[in-house]
Every structure is written in C-alpha cells, then in structure tokens.
Amino acid sequence: MPDETTENKVTEVSDVPEATDVPESTDVPDSTVEALDAVERSETAAAKAAEHVLAAVEPTVGVSKPDPILVVDDVERRFGGMTAVDVQHLEVQRGVITALIGPNGAGKTTFFNLLTGFDKPNQGTWSFEGRSLGGVSAAKVARNGMVRTFQLTKALSRLTVMQNMLLAAMGNPGENLFGSLVKPLWAGTEKRNTEKALELLERFKLDAKKDDFAGSLSGGQRKLLEMARALMTDPTMIMLDEPMAGVNPALVQSLLHHIQALRDDGMTVLFVEHDMHAVRHISDWVVVMAEGKIVAEGPPKSVMQDQAVIDAYLGAHHDTDLGDDSLLDPAVLARLEAEEEKR
Ligand SMILES: Nc1ncnc2c1ncn2[C@@H]1O[C@H](COP(=O)(O)OP(=O)(O)OP(=O)(O)O)[C@@H](O)[C@H]1O
C-alpha cells in the first residue's frame, strides 16, 4: 500500500507540452530523428546540476558516484550454461537520468527484472537508499520507492485508463492483478486514489481518455499511461522500459519533456532504450551493457565514441545507428579502418 503521508502528493510540473497525437504546430516531424533534433538538451536547474555533478566523475566502468541511490555488487544471473547478467559494480547517481543501453540480448531487461524483484539472481547484492533489496519481492521494492513501468499487457488493455491507474496504486499491476481488483481491499482508499489519478492523468493529458479502454490508446499515449501509473506510488526512482518504443514522432518531444520533468521534480530516472538519439538528448549518464557485463559508462557525448561500445554494437548489429554520428567521427573512423587493415 502507498505511504499514507505521501499518498495524495502529486508534484506540479510546468512547461510540459501537450501530449496530443497531432500537435497544433504545422511543423510535424517526419521521423523520430527529426523530432529529436528539434529538442534542445534541457537547461533546467536540475539538468545543469546533474551535468555539473557528473562532470567530476571519471567515465570508467564501476566508478563511484558522489551520491549513489542504487549500488549493485557482483550480480549474476545464469540461464542454463549462459550468463545473461554479470555486473561487478554499478552505482546510479541520485537525481539524474541514467540510460541503460546495449545491443539485443545484452542483458538489460534481465538486469531490470533482477533489480525490481521480478527475477532472482544466482548471486549478488544491491542496495537502494542504503537498504538491501536483494531477494526482496517486487511489491516491496515498489513500496521502497523503486518503481518500474510495465508495458500494457493484454489484461491491462481490457481495463480502462482509470482502472489501470487505481490498480497501480495498489502496488505492482504486473504482480497482483486479480487481488487488486477485489473491491473490499481497496474501497477505503479509492476516493483519494481517484483524485490523485485524475491529477496525474491531467498532467499527462490523458484525462479525457480516463474511461476509454487502455488498449484503445495510441503507442505514445500508452507510454504516457505507463509513466502515470508508475507515479501513483510516489517513487523516488523510476525505471522506464523502452519509453520511446512504438511512439509516433509527433509525440516524441512531449515524451522526452515528461521524462526530463521527472528528473526536474527530484526523481532519479533509469531507462532502457534502443533509440540512441533519445538517449543522447535526455540522459545525463549512460551505462552500456554487452553480453551481460557493463562495458562502458559515461556522459552521453563521449560514451558513444568509446571503443568498447562501438565494438559491442558492431559485433551485434552492423547497421546500428549510434545516434551521435559517432561512427563519422574522424578519430573513430581512423580506428575502425586501422582495425580493418589488421584483419
Ligand atoms: N527466461 C529466460 N530463459 C533463458 N534465457 C533467457 C531468459 N531471459 C533472457 N534470456 C537470455 O538472456 C540474454 C539477455 O536477455 P535480455 O532480454 O535481458 O537482453 P536485452 O538486453 O534486454 O535484449 P533486448 O534489447 O533485445 O530486449 C539473452 O541471451 C536471452 O536470450
């Protein structure tokens, strides 16, 4: 259950553009890349503070952060003979946006699942806000303030937008869908939760859709609902699972502003994303996984040019767009050509 003292708290957000499918502007972007190119990196106080604090951090794997909210040690997850996750040490800085990237099969989702209690590691420990969360259930992880978004499952698609929100207030919708729908369990707090859900739906411009089936929402609106649902429990840290996947270019800017607004409101954001342009535009720090391990971490501008990152992506996907024209950087090209000659 949500903390009674914080249950009705919804942080105000300003300057978040309308999340409509067809913006009023005539400049509708043709592609996600075009939409992202129109987005400046955030200049808010929180964005500047994040940049300032991380500028002093050495971009090396496992580096200590000045104020880590999440600290991971020796986490390993094996499936049969295959090691899906093998993370020696990772610290996630409080109050910044960290992107977790890597080629397909790198272990990002498995790592997310472990941290949020949806899977159990073969070994390893991690602490959140100084409290050990290894082996803790998903619902308890969420109650501790670390909440992840869920893609809209078939079951959740058949509920209305408002029902999705109320369900999220009960804990983790992926975990106890049936139990949460048993009316007597939640009747007492329903009014408070409904008010809070309405405030959040207004913030994400989904209030007009509250009685629609969630399954009828567009790709971008679903992503907004996923975020709104996660905020029902007032998280300290929010973990977003591919927030840009399946989103129409017209909604890309709005989504990015919403993600930045989470950080600007004081939340820590960790997100998995394949779209490197989105990563470059909104993340303060990037962690790169390949074959279960963390192979690089650093600020978005430089990490995309890291040799280990290029190798990881080229090894998995020769056509991956690293989002920063990093492969066109003369130094990177020279390195790649030299390697090619050696073969
Ligand atoms: N339940 C499972 N049983 C067996 N193997 C699994 C299971 N879950 C994941 N794997 C394997 O673990 C590895 C890591 O998968 P994971 O889905 O975590 O990668 P990912 O980085 O999230 O990939 P993507 O970007 O494609 O989502 C893959 O080789 C995958 O096949």
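Quick note: structure is the one above.
Computed from a prediction, not measured in an experiment: that's the story for all the values here. (Residues numbered from 1 in each chain as written. Predicted model: local features only at pLDDT ≥ 70, side-chain atom pairs only at ≥ 80, totals over all residues. Heavy atoms only, no water.)

Peer 1: Tell me what's going on with the pattern of salt bridges, and back it up with residues and numbers.
Peer 2: If you walk through the whole model with that rule in mind, you get 14 salt bridges. Among the salt bridges present, the one from R94 reaches E129, with a minimum N-O distance of 2.9 Å. Here R94, found in the loop between strand 2 (82-93) and strand 3 (97-101), pairs with E129, found in the loop between strand 4 (123-128) and strand 5 (131-132); they are 35 residues apart in sequence, far enough to count as distant. The exposure class of E129 is partly exposed, given its relative accessible area of 31%. Residue R203 is joined to D265 by a salt bridge in which the shortest nitrogen-to-oxygen separation is 3.6 Å. You can see R203 sitting in helix 9 (residues 190-203) and its partner D265 sitting in the loop between helix 11 (249-264) and strand 8 (268-272), a full 62 residues away along the chain. The exposure class of D265 is partly exposed, given its relative accessible area of 26%. The network of salt bridges with common partners includes D67, R94 and E129. (Salt bridge = Lys/Arg side-chain N within 4 Å of Asp/Glu carboxyl O. Helix = DSSP H or I, 4+ residues; strand = E, 2+ residues; numbered from the N terminus. Buried < 20%, exposed > 50% of the residue type's maximum accessible area, 1.4 Å probe, protein only.)

Peer 1: Got a sec to walk through the sheet that holds strand 2? Specific residues and values, please.
Peer 2: Across the sheet, 4 strands lie side by side as 2-1-4-5; this open sheet has antiparallel pairing. Each end of this open sheet is capped by a strand with a single partner; those strands are strand 2 and strand 5. Across 5 bridges, strand 1 (residues 68-79) lies against strand 4 in antiparallel orientation. The residue of strand 4 that forms the bridge with L70 is F128. Helix 3 (residues 108-115) contacts strand 1, strand 2 and strand 4 of the sheet and is inclined by roughly 115° relative to strand 1. (Pairing = 2+ DSSP bridges. Contact = heavy atoms within 4.5 Å. Axes fitted to C-alpha atoms, helices over the stretch in contact; angles between N-to-C directions.)

Peer 1: Which residues make up empty space enclosed by the protein, and what values go with them?
Peer 2: Evaluation of the coordinates by the stated rule reveals 2 cavities of 30 Å³ or more. Here the second largest cavity is characterised by a volume of approximately 30 Å³. Taken together, L114, G117, D119, K120, P121, W126, L133, G135 and V136 make up the full set of residues lining the second largest cavity. (1 Å grid on protein atoms, 1.4 Å probe; cavity = no way out; pocket = protein on both sides within 12 Å on 5 of 7 lines; lining within 4 Å. Points joined across faces, edges and corners; volume = space filled by probe spheres on them.)

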